[in-house]
Amino acid sequence: MRAIPTLKISISGVRGVVGDSLTPTLLTRFAQAFGTYIGPGAIVIGRDPRTSGEMVKQAVIAGMLSSGNRVIDLGMCPVPTVQLLVRLRRAQGGIAITASHNPAEWNALKFIGPAGLFLDSGQAREMLDIYHQGEYTKVNGNEIRTIEEFAGATDIHLQTILDVLGPLPPTPRPVRVVLDSCNGAGSQVGPKLLEALGAEVIPINVTPDGSFPRPAEPLPENLGELRAAVKMHHADIGFAQDMDADRLAIVSEQGTPIGEDYTLVLAAMYVLSRERGPVVANLSTTSALQDVAKSFECPIFLTKIGEVNVTDEMEKQQAVIGGEGNGGVIYPRINFARDSLVGMALVLHLLAQKGQPVTELMKSFPSYSIVKQKLVCPSHRVATVLKMLREEYAGYPVDARDGIKVMLHNGWFLVRGSNTEPVIRVVAEAGSDSEARDIVAAVREKLEA
Amino acid sequence: MKPLKIGITGVRGIVGQTFTPELAVGFAQAFGTYLDGGRILICRDTRPSGPMIRSAVLAGLLSAGCEVVDLGVCPTPTMQLAIKWLEADGGIAITAGHNPWQWNALKFVRADGLYLNPRQAEELLDIFHQAEFTKATWDTITQTIQYRDPIEHHLDVLSQAFSSPTFVSQPQVVAVDCCNGACSLLSPRWLERLGCEVLVINNNPQAPFPHQPEPKPETMAQLCAVVKAGHADIGFAHDADGERLGIVTERGESLSEETTLMIAAEIRLRQQLGTIVTNISTTSAIEQIAARYSGAVVRTPVGQTYISEGMLEHNGVIGGEGSGGVTIPEVQLTHDSAAAIGLILQYLSRSGQRISDLVEQLPRLSVLKHNIAVEPNRLYSVLQEFRESVEGEALGYDNVDGVKVTLPGGWVHVRASNTESMIRIIVENEGAGGARQLLDWTLDRLRT
């Protein structure tokens, strides 16, 4: 049997295993291709705390200098900090060195365009073509630009959040927060921000030394330590960041993970209470977000899956809040990026404004259950399967922009082929867990028939 | 054809053309693989491409599982000394020495502070070409260590070798041109420690090279002017990385780069009898100097690694090359221009002689050097054809490195450069006219 490839070069960047497929030569070439693609100007770089970060960074710097770009090196910082600084420093682009939730042996490059947004699929394809052609801009020695070590980036990020949202309003006693940074890029700035907002912070896993205290994805099953700490310290809320600090999950005052789909719902509740405007999320987002938008009489727009699709639509609709159901909150007044720091500030403001525990806040919108499953399906069969489902559910409203989403009377389901594996993903949501499971079971039955 | 030279002296090319970051990454990976991880020092000269090559080298070394200590900008001999002191397993110097600013290169140093010898260099090249490098995994890969001020240690070693001179009259006034190279950080400090009054020019490592970083009379006009205006007792000119040294007398006369080794050898043999190690392209004045003191001369092929090996093998008291590189074993077995400065200044201050007095006492020979650019695909054929034509005339020759023909009153050496696609011709004769005739004789027999 063929070895499982560990290198993934795609429109979302290049990702691989260090010591195996992610070699310095490959990284240098990608940096050259990116520099060649975006042209002369400054490139902002930042990395998460992975042990391979320094090697990857040096390879990337060599490539960017060779293609004539100036480098602004933020050191270790969250991905949204890189995106923010690209905009604030009016840079030509950015490279975030992080494999987000992948395990410790992985690393990756994510490419950011001049507005601080990730390259969209068209731009990424253009850059990949340059990479594969292998003809990169090479400047002479005297045109090689400088490397600026810029240490203050996370402070600027923190200050930007404070400037826009302000400190928490006075409450009878300070909001008590347990923060689990997963020893990730948010380990330093996370606690600092919460203190600056006026919260009482109990930090755990804030040693950014490249070790992973838990799997990096902030899924309920990975948050045991945080749940225990929230209960032990009688905290009002628990926050979990991932390795690159873009996604945020929440644990209630009872120590229960509320589900990463609801981070955006709570953030939107606060934003819409202060400012009405369009909300943007992807097709796979909980209906609770629609309910919240509706309660504030704000329109909601659902996009194809992918952060860049959401940010594109947010720009188009002049959205006031947006994001993804995986815990990614995008608040354009601060940053056009999934930003766990912004997410924490918004949710804490909501807590302080409402003066209610998280469990109570969750009752202010109908409760839903989401069930997600993967089914094995060869990629060449995906189109046939989707067509068949479309015919089967012809009587229901259907959205076919990304796979097929069917609105049922008691909920919805979304079926789409994976870009990375020979599977189709099924997501169903209904008022109760059993109803959601029934929907998935019905879909499976049709697929397997 | 574009200039790129991968050979026993490392890898050398023009940044923006042939010397790409991938090439630097690949060679660093190969070197890290060759040394099987371990502690590696890196340093660089002041070329504007230095930071780019440095990042590429760091990425390659870290990826190969090395522990990397970055000395920043410093002379190559400073790094070579630090290897032993910091107990490193090797080093990479990012410098193209005397080449113009457009160039850069990697030079590979082993655990004893000397360059890889030709056999080791070939082994490294095989690993590079095979391209199967050691790859550290996430739990073994490390971070770079920045080392501050490696120069202090170099100064300490130099001070031990040349105890502060006892001045016969007053402190010497020394002019020095650092060419805005790595010696900007070493040479003024060394001269001050020696108690000299220092007139320094071109000591800004951020600025471009003010002239070619190759100390020879053509590049020393500014230094001559400073020596005269400042009434200096001597002037010294550095290359970019602290190996070659040029000298200007107190009269403001720039000396040929061939004279540097002659001066150093004359001083050394006056102090200590023994063997001089030099290459076959260097002036035969060296034999004449050795003869005065009944010393011996060992001739090697051209290249610093051969001088170092010759010094080791023959226990030489001094080594060097006609290019201005001098090796003084009390400091280290590799060219070190700061060591040469120490030797010369110590002698001048103790003897009370002027540098021009010493030059007066040297043998007078006329040397002519001539380079011919040759397409890389013809370089060794041109040499072979010259050898055949010499054989055809039934002349005796030495082929240790290229072709060296000894003729009545002088000699001719024709060889391929180690660093550029060039044929280098050196002729020497007792008179200037004779040297010119020898050069013409040679050019007649070279078909490029």
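Everything that follows concerns the structure shown earlier in this document.
None of the values given here were measured: they were computed from a predicted structure.

### Structural notes on the overall build of chain B
Broken down by element type, chain B carries 14 helices and 20 strands. Scaling as 2.2 N^0.38, a compact globule of 448 residues should have a C-alpha radius of gyration of about 22 Å, and chain B matches this with 21 Å. In terms of its C-alpha atoms, chain B occupies a principal-axis envelope of roughly 65 × 60 × 40 Å. Counting the 448 residues in chain B, one finds 56% classified as buried. Of the contacts formed within chain B by residues at least 6 apart in sequence, a portion of 70% connects residues at least 24 apart.

### A closer look at the packing of helix H8 (residues 261-274) of chain A against helix H9 (residues 287-295) of chain A
Residues and elements named next belong to chain A. At a minimum axis distance of 9 Å, the contact between H8 and H9 shows a crossing angle of 5°. Here H8 lies roughly parallel to H9, going by the angle between them. Each of Tyr262, Leu264, Val265, Ala268, Met269 and Leu272 in H8 lies in contact with H9, whose residues at this interface are Ala288, Leu289, Val292 and Ala293. Along the lines of polarity and charge, the residues of the contact of H8 with H9 split into 10 nonpolar, no polar and no charged.

### A few points about the nonpolar core
Note that soluble globular proteins tend to have their nonpolar side chains buried in a common cluster. Counting residues in each nonpolar core, the largest one holds 270 residues, and the members touching the most others are Val60(A), Ile95(A), Ala268(A) and Val57(B). Setting aside anything within four residues of it in sequence, one finds Val60(A) in contact with Leu27(A), Ala31(A), Ile45(A), Ile95(A), Ile97(A) and Leu109(A). Within the second largest apolar cluster, 14 residues are counted, among which are Val374(B), Phe386(B), Val412(B) and Val427(B).

### Some details on the interface of chain B and chain A
Facing 32 residues of chain B, the contacting portion of chain A comprises 29 residues. Only helix H1 (21-34) and helix H2 (50-63) of chain B provide two or more residues apiece to the side of chain B that touches chain A. When residues in the side of chain B that touches chain A are grouped by element, the largest group, 9 residues, is from H2(B). A breakdown of the residues in the side of chain B that touches chain A according to their chemical character gives 15 nonpolar, 13 polar and 4 charged.

### Points about helix H8 (residues 257-271) of chain B
Spanning 15 residues, H8(B) covers 23 Å between terminal C-alpha atoms, matching the ideal 21 Å at 1.5 Å per step. When you tally the buried positions in H8(B), you get 13 out of 15 residues, the bulk of the element.

### Topic: the pairing of strand S5 (residues 93-97) of chain A
Residues and elements named next belong to chain A. Of all 5 residues in S5, 5 are buried; the element is thus mostly enclosed. Both faces of S5 are covered, namely the face carrying Gly93, Ile95 and Ile97 and the face carrying Gly94 and Ala96. Bridge analysis of strand S3 (residues 42-47) against S5 gives 5 bridges, and the strand direction is parallel. When the sheet's bridge partners are listed, isoleucine 43 is paired in S5 with glycine 93. In this structure, S5 lies alongside strand S6 (residues 106-112), joined through 4 bridges in antiparallel fashion. Paired with glycine 94 across the strands is isoleucine 112, a residue of S6.

### Description of unusual backbone geometry
One non-glycine residue, Cys182(A), adopts positive backbone phi at about 60°. Within the secondary structure layout, Cys182(A) lies in the loop between strand S8 (176-180) and helix H6 (189-197). Using a count of 30 C-beta atoms within 10 Å as the deciding quantity, one classes Cys182(A) as buried. Positive phi, normally seen in glycine, also occurs at Ala131(B), with a value near 60°.

### With respect to the sheet that holds strand S18 (residues 404-408) of chain A
Residue and element names in this part refer to chain A. A sheet is described by the order of its strands in space; here 5 strands give the open sequence S16-S20-S19-S18-S17, paired in antiparallel fashion. This sheet does not close on itself; its edge strands, each paired only once, are strand S16 (369-376) and strand S17 (398-399). Looking at chain direction, S18 and strand S19 (residues 411-417) are connected through 5 bridges and run antiparallel. Paired with isoleucine 404 across the two strands is valine 415, which belongs to S19.

Reading the values: the criteria
In this numbering scheme, every chain counts its residues from 1 along its sequence in written order. For this description, chains carry letters from A and ligands carry numbers from 1, given in the order in which they are written. The predicted nature of this model means local features are confined to residues of pLDDT at least 70 and side-chain atom pairs, given and counted, to a pLDDT of 80 or more, with totals for whole chains, interfaces and linings taken over all residues. By the criteria applied, helices consist of DSSP H or I runs no shorter than four residues and strands consist of E runs no shorter than two, each listed in order from the N terminus. The globule rule used for comparison is 2.2 Å times the number of residues to the exponent 0.38, while the radius of gyration itself is calculated over C-alpha atoms. Here the C-beta atoms are placed from the backbone, and a residue counts as buried if at least 20 other C-beta atoms lie within 10 Å of its own, exposed if 12 or fewer do, and partly exposed otherwise. Residues are treated as contacting if the C-beta atoms built from their backbones sit within 7 Å of each other. Orientation is described by axes fitted as lines to C-alpha atoms, over the contacting stretch for helices, and by angles from 0 to 180 degrees between their N-to-C directions. Note on terminology: angles under 35 degrees are roughly parallel, angles over 145 are roughly antiparallel, angles of 65 to 115 are roughly perpendicular, and the others are oblique. Residues are grouped as follows: nonpolar covers Ala, Val, Leu, Ile, Met, Phe, Trp, Tyr, Cys and Pro; charged covers Asp, Glu, Lys and Arg; every other residue, Gly included, is treated as polar. Among buried residues, those of type Ala, Val, Leu, Ile, Met, Phe, Trp, Tyr and Cys that are joined through C-beta atoms within 7 Å form a set called a nonpolar core. By this rule, a helix spans an expected 1.5 Å times one less than how many residues it contains. A pair of strands is labelled paired if DSSP reports no fewer than 2 bridges between them.

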